[in-house]
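Topology and contacts: notes
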Amino acid sequence: MASTLFRDFGNPMHKPVQTASLPILMHRAAFDDAMELTGLYGDDAGVAAADLAEAAINTGNRQAFCHWRQIERMLVCLSIQRCYATLH
């Protein structure tokens, strides 16, 4: 069971966030790739990462698939204009 983070300051808009749903980036290259996609595609960078993930899984490259899928998830999280939780 995933742990839950709470950020409740009396505001009903703050809801628990499952930490398992947050992206995990294991190395600096993932951030660099995300920045490059953002520079090339702007708001559509997440879609570009999803396309790269799909292309990787279609060729059987599971490692590249995981890499691009996590980048896609991170870009989606960064595009949301709401603070879900604080991580320390």
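Residues numbered from 1 in each chain as written. Predicted model: local features only at pLDDT ≥ 70, side-chain atom pairs only at ≥ 80, totals over all residues. Heavy atoms only, no water.

Moving on, we come to the packing of helix 1 (residues 28-41) against helix 3 (residues 62-79). Running from amino to carboxyl end, helix 1 crosses helix 3 at an angle of 60°, the nearest separation of the two axes being 10 Å. Judged by the sense of rotation from one axis to the other, the crossing of helix 1 with helix 3 is right-handed. Residues Ala 29, Ala 30, Phe 31, Asp 33, Ala 34, Leu 37 and Thr 38 of helix 1 lie in contact with helix 3, whose contacting residues are His 67, Trp 68, Ile 71, Met 74 and Leu 75. Its residues placed into classes, the contact of helix 1 with helix 3 shows nine nonpolar, two polar and one charged. (Axes fitted to C-alpha atoms, helices over the stretch in contact; angles between N-to-C directions. Helix = DSSP H or I, 4+ residues; strand = E, 2+ residues; numbered from the N terminus. Left-handed = near helix turned anticlockwise from the far one by under 90°. Contact = heavy atoms within 4.5 Å. Nonpolar A, V, L, I, M, F, W, Y, C, P; charged D, E, K, R; others polar.)

Okay, the layout of surface pockets next. The computed volume of the largest pocket comes to approximately 420 Å³. In terms of lining residues, the largest pocket is bounded by 18 residues, among which Met 74, Leu 75, Val 76, Leu 78 and Ser 79 are the most central. Mapped by element, the contributors of at least two residues to the lining of the largest pocket are helix 1, helix 2 (45-58) and helix 3. Of all the elements, helix 3 adds the most residues to the lining of the largest pocket, at six residues. Residues belonging to the lining of the largest pocket are distributed by class as follows: 13 nonpolar, four polar and one charged. (1 Å grid on protein atoms, 1.4 Å probe; cavity = no way out; pocket = protein on both sides within 12 Å on 5 of 7 lines; lining within 4 Å. Points joined across faces, edges and corners; volume = space filled by probe spheres on them.)

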